Amino acid sequence: MSKATSNPKSDKKPDSKSEIADLWPGQSTELLKSLHILTRDGKLNQDSRRKLKQVQHLVQLITPHLEGLTNVADLGAGKSYLGFMLYDLWLRERPETKLWAIEKRQELIQACKLIASRSHFDRIEFVPATILEAVSAPELPETIEAVTALHACDTATDEAIAFALKKNAKFIALVPCCQAEVARLLDAAPKRGGDEMQNLWRHGIHRREFGSHLTNVIRSLYLESRGYKVRVTELIGWEHSMKNELILAEKVQHANGQAQKQLEALLERFPLGMKLFELNS
Ligand SMILES: C[S@@+](CC[C@H](N)C(=O)[O-])C[C@H]1O[C@@H](n2cnc3c(N)ncnc32)[C@H](O)[C@@H]1O
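Presented here is a report on the structure given in the accompanying data block. (Residues numbered from 1 in each chain as written. Predicted model: local features only at pLDDT ≥ 70, side-chain atom pairs only at ≥ 80, totals over all residues. Heavy atoms only, no water.)

**A closer look at the state of the cysteines**
Step number 1: Throughout the structure, instances matching the rule amount to zero disulfides.
Step number 2: No disulfide involves Cys-153; its sulfur sits 5.1 Å from that of Cys-177, the nearest cysteine.
Step number 3: Cys-178 supplies the cysteine sulfur nearest to Cys-177, a cysteine that is in no disulfide, at a spacing of 3.6 Å. (Disulfide = S-S within 2.5 Å.)

**Brief notes about the environment of Val-72**
Step number 1: Structurally, the position occupied by Val-72 is in strand 1 (residues 71–75).
Step number 2: Setting aside its immediate chain neighbours within four residues, Val-72 contacts Leu-66, Thr-97, Lys-98, Leu-99, Trp-100, Ile-144 and Ala-146. (Helix = DSSP H or I, 4+ residues; strand = E, 2+ residues; numbered from the N terminus. Contact = heavy atoms within 4.5 Å.)

**Concerning the site of the ligand**
Step number 1: The full set close to the ligand counts 17 residues, and Lys-51, Gly-76, Glu-103, Ile-131 and Leu-150 are the nearest of them.
Step number 2: Residue Gly-76 places a main-chain N or O atom 2.9 Å away from a nitrogen atom belonging to the ligand.
Step number 3: Between a nitrogen atom of the ligand and a main-chain N or O atom of Leu-150, the distance comes to 2.7 Å.
Step number 4: For the ligand, the protein covers 84% of the area, taking 590 Å² as the surface of the free molecule.
Step number 5: Here the shell around the ligand is built from residues that sort into eight nonpolar, four polar and five charged. (Near = heavy atom within 4 Å. Polar contact = N/O pair within 3.5 Å; in protein donor to acceptor, adjacent residues only side chain to side chain. Areas by Shrake-Rupley, 256 points an atom, 1.4 Å probe, with all protein chains shown as cover. Nonpolar A, V, L, I, M, F, W, Y, C, P; charged D, E, K, R; others polar.)

**Digging into the pattern of salt bridges**
Step number 1: Here the structure, examined in full by the defined rule, presents 13 salt bridges.
Step number 2: Notably, a salt bridge pairs Asp-22 with Lys-53, separated by 3.2 Å at the nearest N-O pair. Of this pair, Asp-22 sits in the segment before helix 1 (29–34) while Lys-53 sits in helix 2 (residues 46–66), and the two are 31 residues apart along the sequence.
Step number 3: On the basis of relative accessibility, which here comes to 14%, the residue Asp-22 falls in the buried class. (Salt bridge = Lys/Arg side-chain N within 4 Å of Asp/Glu carboxyl O. Buried < 20%, exposed > 50% of the residue type's maximum accessible area, 1.4 Å probe, protein only.)

**Topic: the packing of helix 8 (residues 204–225) against helix 9 (residues 257–269)**
Step number 1: Taken N-terminus to C-terminus, the directions of helix 8 and helix 9 make an angle of 150°; their axes are 8 Å apart at the nearest point. Accordingly, the angle class assigned to the pair helix 8 and helix 9 is roughly antiparallel. Classified by chirality, the crossing of helix 9 by helix 8 is left-handed. Across from Leu-214, Val-217, Ile-218, Leu-221, Tyr-222, Glu-224 and Ser-225 in helix 8, the residues of helix 9 making contact are Ala-259, Gln-260, Gln-262, Leu-263, Leu-266 and Leu-267.
Step number 2: Grouping the amino acids of the contact of helix 8 with helix 9 by side-chain chemistry returns nine nonpolar, three polar and one charged. (Axes fitted to C-alpha atoms, helices over the stretch in contact; angles between N-to-C directions. Parallel < 35°, antiparallel > 145°, perpendicular 65-115°, else oblique. Left-handed = near helix turned anticlockwise from the far one by under 90°.)

**Thoughts on the packing of helix 2 against helix 3 (residues 81–89)**
Step number 1: Relative orientation of the contacting elements helix 2 and helix 3 amounts to 60°, with a least axis distance of 10 Å. As the angle between them shows, helix 2 and helix 3 are arranged oblique. By crossing handedness, the relation of helix 2 to helix 3 is classed as right-handed. Residues Lys-51, Leu-52, Val-55, Leu-58, Val-59, Ile-62, Thr-63 and Leu-66 of helix 2 form the contact with helix 3, whose participating residues are Tyr-81, Leu-82, Met-85, Leu-86 and Leu-89.
Step number 2: For the contact of helix 2 with helix 3, a count of residues per class yields eleven nonpolar, one polar and one charged.

**Focus on the side chain of Gln-179**
Step number 1: As for its position among the elements, Gln-179 is in the loop between strand 5 (171–175) and helix 7 (181–188).
Step number 2: Residue classification places Gln-179 among the buried residues on the basis of a relative accessible area of 8%.
Step number 3: Of the polar contacts made by the side chain of Gln-179, one reaches the side chain of Asn-216; its length is 3.4 Å.
Step number 4: In this structure, Gln-179 is in contact with Asp-154, Ser-212, Thr-215, Asn-216 and Arg-219, ignoring residues within four places of it in sequence.

**What about the sheet that holds strand 7 (residues 245–251)?**
Step number 1: Read across the open sheet, the seven strands follow the order 3-2-1-4-5-7-6; overall the sheet is mixed. If you trace the sheet from one side to the other, it starts and ends with strand 3 (124–128) and strand 6 (228–234), each paired once. Going from strand to strand, the sheet's axes swing by 15° on average, the running direction of each strand aside.
Step number 2: Where strand 1 and strand 4 (residues 146–150) come together, three bridges link them in parallel fashion. Paired with Asp-74 across the two strands is Thr-148, which belongs to strand 4.
Step number 3: Together, strand 1, strand 2 (98–103), strand 3 and strand 4 form the strand contacts of helix 3, whose direction differs from that of strand 3 by roughly 170°.
Step number 4: The strands touched by helix 4 (residues 106–119) are strand 2 and strand 3; relative to strand 3, the strand with the most contacts, the crossing angle is about 165°. (Pairing = 2+ DSSP bridges.)

The following block contains the structure:
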């Protein structure tokens with residue numbers, strides 16, 4: 001899998017003469033003010049810096065995979081920080097590419113439409129829908145070649161996987177959010193006498209961490225079984241975010257029987273009935 005090493009807008013390091021050294025050269029301060037990443041007088045607070053760094057880094061990682069694609073979707077887009085910065089830094093000069101931002105909260109869609117219109121970003125389409133509804137939304141094309149989902153809550157990341165598979169995505173980038181589903185399922189699962197493994201999730205905090213870990217292991221194996229080459233890494237240093245696991249998947253073959261067997265063996269040990277499988281059955 002190729003890896004970006006440079007700012008997609010320029011190979012230069014952030015401009016030392018730039019008013020704000022954290023911005024990439026040419027990055028629109030007006031857009032960042034509209035997104036409330038910069039204050040009205042152009043300052044960056046600690047939280048905004050974290051968000052900015054995270055999105056810049058993600059843009060850098062994903063853009064090599066988007067080159068030449070026609071349709072890209074950002075799922076659970078929220079305030080569309082990713083979509084807007086991706087447009088500003090990369091899509092602006094790629095007239096062949098259209099970005100679809102899917103978000104279930106109407107008020108966020110309205111606010112984003114306003115920013116897009118003021119910024120003359122005419123190749124982002126905001127769709128007020130859940131990710132699952134968007135799979136069959138008539139305005140969306142049948143194929144969406146790349147899918148991103150940044151901090152899509154709990155099982156919304158599983159909806160993003162289902163969306164990507166149904167839309168035949170060649171490339172998927174997921175940064176999962178708080179996963180509660182598997183911790184809940186582990187808690188509800190019948191206790192097996194003599195099974196020391198249960199110590200891994202006996203305490204609530206371990207259950208959440210182990211549940212989250214197991215969820216992402218299963219998601220990654222599942223994507224592999226569906227023919228993707230998967231790389232799991234951290235998005236950015238832990239000082240920037242606690243929700244930091246990045247799953248990158250690139251379609252390389254129709255299916256992978258070996259990964260399927262490994263997934264089945266894992267699911268035999270953890271027969272949890274996750275939504276991921278319900279959505280993809
Ligand atoms: C934590 S926010 C992240 C927003 C954005 N991706 C970001 O990283 O800044 C999660 C967003 O996903 C949306 N969301 C959650 N579940 C969803 C679903 N099933 N379908 C569509 N949007 C969803 C929420 O409304 C929220 O705006």
